[in-house]
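Secondary and tertiary structure notes
The chain contents come next:
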Amino acid sequence: MLSLAWQTIRTRLGGFAGAFIAILCGTALVAGCGVLMESGLRAGVPTQRYAAAAVVVGGAQSVHPPGADALTLEQVGEQPSVPAALAGRIASVPGVRTAVAEQSFPAQVVTASGEVLGGPQSLGHNWDAAVLAPFTLRTGAAPAAPGDVVLDADLAQRAGVGVGGQVRIATRSVPMTFRVSGIVNSLSRQSALFFTPQRAAELTAQPGQAHAIGVLADPGVPPETLAERIGAVTGGAEVTTGIERSTIEFLDVSQTRMLLLAVAGSFGGFALLVAVFVVASTLALTINRRRREFALLRAVAATPKQIRQLIGTETTLVALVAGVLGGALGLAVASGLRDAFAAIGVIPADFGLAISPLPSVAALLLGLGAARLAAWAAARRPSTIRPVEALGEAAVERRELGRGRSITGWSLVFAGFAGAFVPLFLRGEIGTAISTMATLVVVIGLAVVGPQVTALVVRVLAPPLGRVWRISGYLAGANAQANTRRLAAAVTPLMLSIAFALATFYSQTSSTAAAAEETARSTTADYVLSGPAGVSPEVAAAVARVPGVATATPVVRTSVLTVSTVGDSVDVQRKSAQGLAGEQVRGALELGVDGGRLADLAGDTVALSRSEADWLDKKIGDEVTFYFGDGVPAKLRLVATYTHDLAFGDFVLPVALAREHNGGRLDDAVLVRRSVNADPAAVSSALRSLPYPGLTVDSPAPAPEGGDRQAQFYLNLVAVGVIVGYLAISVANTLVLTTAQRSREFALLRLVGTTRRQVTHMMRLEALVTVGIAVVVGTVVALVPLALLNLGLRGSPVPSGPLSVYFGIIGGAAVLGLVAMGLSTWVALRARPIDAIGLRE
């Protein structure tokens, strides 16, 4: 069987090229996702502040609720801290030379012109933690007095100061003047300022807490051994060595690893599903092209099992070669995705990839499994042809579908359209995701019953073609009616790419538009004050004292982690949250409160969106349990519910409580409302003259969560682009195969008097029919869920987003279809009819 399969492949290289390309691209895509997943487990960036530390101990980077399995966890959204007193216990562990608690807090240098240097990555630390880098003094001395500071060389150069000079530094208040006592080496990823330990403890605003504890080891003690000993005395703290130390130093690295795991896992699973679908479609076309060959084998006593074994062996050989090459190509795919994610700001640009043979091997095995599954499905019909009917059966395409296939296909179509109604009752990210998934389910269902759908459409299109274009039109209509399976095989991947691209793009633009529209309706403030690294908590109080200001509402944008139990499983989800001053909200924001009072939002209280309160089955006065963004458990009393959750998220916390669990202890913005009779110019001028450098005054207020939504949108856009690119390859592959296998048909037409021009015109009409069916059906399939999604989110069935993208998608699909069929027709017509008619099938 192996020898026969190999001989068949060698003599039919062109026939197996389509399956080879489909498996190659699918395996490369899955391997690329595997590399990203492994990178989420093992990769990161080199540590900088802790380069000399053998072990770094920090707060837990993820939440793992009691009763959950090992894989149920969620990355924290804010920088967690660790008790500074833990350094004393760690110092007593055998093998520890010293343990240093590092303070870390926002600190920016302010120039004489008022420019703020450093941005969010400019941090202040206690000088005794400098040994962990190690930072070495280039000039000057360590800070000895409360008014001393040590700057890194790059920051000192940009500020234009040297040892002995004066520099203004802003932390959580108005800038204070310090004397530069020394200058140390610079870091590539951050700016560093060092204060005396006592002054750093005052400025961090976290009494008794530290960012991390760095551990220097005794000579000859391996970091892994030391980490194991330290883990026994640290409780639930995170103990890291090697590349893992950067997850404590940089919150974005830890978040990137979790993001890569989530995105690559879901994206890889979807890519594998699409790959199975594409490979099965391509193999079905290849096998259908060999009907006479299988019919002959059945006539000379080959059993159905032998036919299936032959097809399975051929597919395995092709999949092995394609899988090996695809696994190697997956490294390039992973690198390209990493660069694309970094370009849109989703992951750090210096985040490295973990390279090992494991993703390529796993992709190869998955590709083999997908190919064998596709081969099994494609081999069922040719292996069951009865020997007596073999030759006759092989010459005519079977028209009807099996009952099981029809029931399955139409059930999927019905289920998909039923799921499209979910966003009418469930808003937010879940509703948007279900809407997109509903489109995919409908497309898969239509692919299953494709011949029935195309037959219905062709019955309408065929007569006009014959009347308008006579010979070419008649031939195109007759071919379409007689070969609905072939036409469906060409239409399906084109329809899938159109529907999937439209649904994914416009669902995101509609969700973003809904949030922006609700925010615009809900924000009644006249100004928003913001800063490059945050806003001091003092700003809101200072603004409230400005003449002509009615209310000044501080805003802290954060997240919380919720735990829900479904059956025996425990689910952890991160949800957006806002920190607001309840007594100051009125006049600046309208949350659509429908229960309780937002003015009671103070102390240990919380407000929930109406949908979240209903999901948790909570009423006013009930206790709500969750985790703050830094992983600390919370038990708060519900005091209000609101309906504008698209704009403000599902949780609203007292601003002081949100600030306490925010790594920088800063506000994100201050919303300001003028008094009725106040002079706008005077109020604006007074706000701009506040003694807080870097403070910007804008109007109107921007939408909360805009950055996160935009990043998520671009992340989805990159992922969709890769999938659509793979589908485009499969579309071209399928169209070329369906056209190339008709060379004998073209030869016969030319031998009976049809001209080359008429055959070419016929194929152009068939290409237009193929593209037209795919565009119409793909648009309708995507439009129904999108209309219902927009009706639920925005009250209008019209999707939001640029119309040019729609024309770009269908235009690209049309060009792809016409070019693929045109080129393959031109190649097929190059041979002389008398030669082509004798070619084996």
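As a reminder, the structure under discussion sits directly above these lines.
1. What to know about the pairing of strand β11 (residues 148-152)
Of all five residues that make up β11, five are buried, and the element is covered over most of its length. Where β11 lies against strand β13 (residues 176-184), five bridges are found, and the strand directions are parallel. Looking at the pairing, D148 lines up with R179 of β13. Where β11 and strand β14 (residues 191-195) come together, two bridges link them in antiparallel fashion. Paired with V150 across the strands is F194, a residue of β14.

2. A look at the nonpolar core
Within the largest apolar cluster, 104 residues are counted, with the highest numbers of intra-cluster contacts made by F341, L446, I723, Y726 and M762. If we ignore the near neighbours within four places in the chain, the residues touching L446 are V413, V453, M495, V777 and V781.

3. Topic: the sheet that holds strand β5 (residues 96-102)
Taken together, four strands build an open sheet; the order of strands is β5-β16-β1-β17 and the sheet is antiparallel. Looking at which strands have only one partner, the edges of the open sheet turn out to be β5 and β17 (238-240). Strand-to-strand, the axes of this sheet are offset by a mean angle of 20°, without reference to chain direction. Of the strand pairs in this sheet, β5 and strand β16 (residues 212-217) are connected by six bridges, and their pairing is antiparallel. For V96, the partnering residue across the bridge sits in β16 and is A217.

4. A closer look at helix α5 (residues 197-204)
All of the buried residues in α5 are R199, A200, L203 and T204. Projected onto a plane normal to the axis of α5, the buried residues spread over an arc of 130° and lie on a single side. Facing away from the buried side of α5 by over 90 degrees, the exposed positions are Q198 and E202. On its buried side, α5 packs onto β6 (104-106), β9 (122-126), β13 and β14. Remark: A205 follows α5 within two positions and exhibits a positive phi of approximately 60°.

5. Brief notes about the packing of aromatic side chains
Throughout the structure, instances matching the rule amount to eight aromatic pairs. When the centroid spacing of 4.8 Å and the interplanar angle of 65° are considered together, the rings of F135 and F194 count as edge-to-face. Residue F135 is located in the loop between β9 and β10 (137-140), and its partner F194 is located in strand β14; the two are separated by 59 residues in the primary sequence. The residues F135 and F194 share a single accessibility class, namely buried. With a centroid separation of 5.2 Å and 70° between ring planes, the pair formed by F178 and F195 is classed as edge-to-face. With F178 in strand β13 and F195 in strand β14, the pair connects residues that are 17 residues apart, well separated along the chain. A network of ring pairs unites the aromatic residues F105, F178 and F195 as a single cluster. Above the ring of F250, the side-chain terminus of R189 is found at 4.4 Å from the ring centroid.

6. Regarding the packing of helix α13 (residues 403-419) against helix α14 (residues 428-448)
Look at α13 against α14: their axes get within 7 Å of each other, and the N-to-C directions meet at 160°. Judged by the angle between their axes, α13 and α14 are roughly antiparallel. Crossing hand, α13 versus α14: left-handed. Each of R405, G409, L412, V413, G416, F417 and G419 in α13 lies in contact with α14, whose residues at this interface are I434, A438, V441, V442, I444, G445, L446, A447 and V448. Per-class residue counts for the contact of α13 with α14 are eleven nonpolar, four polar and one charged.

7. Looking at the environment of A17
Mapped onto the secondary structure, A17 falls in helix α2 (residues 13-42). By relative accessible area, A17 is classed as partly exposed at 31%.

8. Examining a nonpolar patch on the surface
Among the surface-exposed residues, F421, L424, F425 and L791 lie close enough to one another that they form a single nonpolar patch of about 410 Å² accessible area. Relative accessible area serves as the criterion here: at 37%, L791 is assigned to the partly exposed category.

9. A short note on the pattern of salt bridges
On inspection of all chains with the given rule, the structure shows 17 salt bridges. Measuring nitrogen to oxygen at the nearest pair gives 2.8 Å for the salt bridge that ties R42 to E38. With R42 and E38 both in helix α2, this residue pair falls four residues apart, about one helical turn. Judged by relative accessible area, R42 falls into the partly exposed class, the value being 42%. Of the residues examined, E38 reaches a relative accessible area of 11% and is grouped as buried. Measuring nitrogen to oxygen at the nearest pair gives 3.5 Å for the salt bridge that ties E202 to R199. With a gap of three residues between them, E202 and R199 both fall in helix α5, about one helical turn apart.

10. Here's the deal with the environment of E38
Along the primary structure E38 and L657 are separated by 619 residues, whereas in three dimensions their C-alpha atoms are 37 Å apart. Contacts of E38, omitting those with residues within four sequence positions, involve A43, A354, S356 and P359.

11. A word on the packing of helix α8 (residues 251-288) against helix α10 (residues 304-343)
One way to put it is that α8 packs onto α10 with a least axis distance of 13 Å and a crossing angle of 145°. Viewed along their axes, α8 and α10 form a crossing whose handedness is right-handed. Residues L260, V263, F267, L283 and I287 of α8 form the contact with α10, whose own contacting residues are I311, T315, L337 and F341. By residue class, the composition of the contact of α8 with α10 is eight nonpolar, one polar and no charged.

12. Describing the environment of A362
With respect to the secondary-structure elements, A362 resides in helix α11 (residues 357-383). Judged by its relative accessible area of 33%, A362 is partly exposed. Placed 331 residues apart in sequence, A362 and A31 show a C-alpha to C-alpha distance of 7.4 Å.

13. Side note on the pairing of strand β26 (residues 669-674)
It is a general feature of regular strands that their side chains alternate between the two faces of the sheet. Note that strand β18 (residues 527-530) and β26 share three bridges and pair antiparallel. Following the sheet pairing, Y527 is matched in β26 by V672. Across six bridges, strand β19 (residues 549-566) lies against β26 in antiparallel orientation. By the bridge assignment, P554 is partnered in β26 with V670.

14. Points about unusual backbone geometry
Comment: phi is negative for the bulk of residues other than glycine, and the bulk of peptide bonds are trans. The residue after A133, namely P134, is reached through a cis peptide bond having omega -10°. Structurally, the position occupied by P134 is in the loop between β9 and β10. Non-glycine residue D617 carries a positive phi angle of around 60°. In this structure, R665 is a non-glycine residue whose phi angle is positive, near 55°. As for its placement among the helices and strands, R665 is situated in the loop between α21 (655-660) and β26. Given the relative accessible area of 11%, R665 is considered buried.

Conventions adopted
Residues numbered from 1 in each chain as written. Predicted model: local features only at pLDDT ≥ 70, side-chain atom pairs only at ≥ 80, totals over all residues. Heavy atoms only, no water. Buried < 20%, exposed > 50% of the residue type's maximum accessible area, 1.4 Å probe, protein only. Helix = DSSP H or I, 4+ residues; strand = E, 2+ residues; numbered from the N terminus. Pairing = 2+ DSSP bridges. Core = buried A, V, L, I, M, F, W, Y, C linked by side-chain atoms within 4.5 Å. Contact = heavy atoms within 4.5 Å. Axes fitted to C-alpha atoms, helices over the stretch in contact; angles between N-to-C directions. Arc of directions from axis to C-beta. Phe/Tyr/Trp six-rings, centres within 6.5 Å; stacked < 30°, edge-to-face > 60°. Lys NZ or Arg CZ within 6 Å of the ring centre and 35° of its normal. Parallel < 35°, antiparallel > 145°, perpendicular 65-115°, else oblique. Left-handed = near helix turned anticlockwise from the far one by under 90°. Nonpolar A, V, L, I, M, F, W, Y, C, P; charged D, E, K, R; others polar. Patch = residues over 30% accessible without salt bridge, like charges linked within 9 Å, V, L, I, M, F, W, Y side chains within 5 Å. Areas by Shrake-Rupley, 256 points an atom, 1.4 Å probe, with all protein chains shown as cover. Salt bridge = Lys/Arg side-chain N within 4 Å of Asp/Glu carboxyl O.

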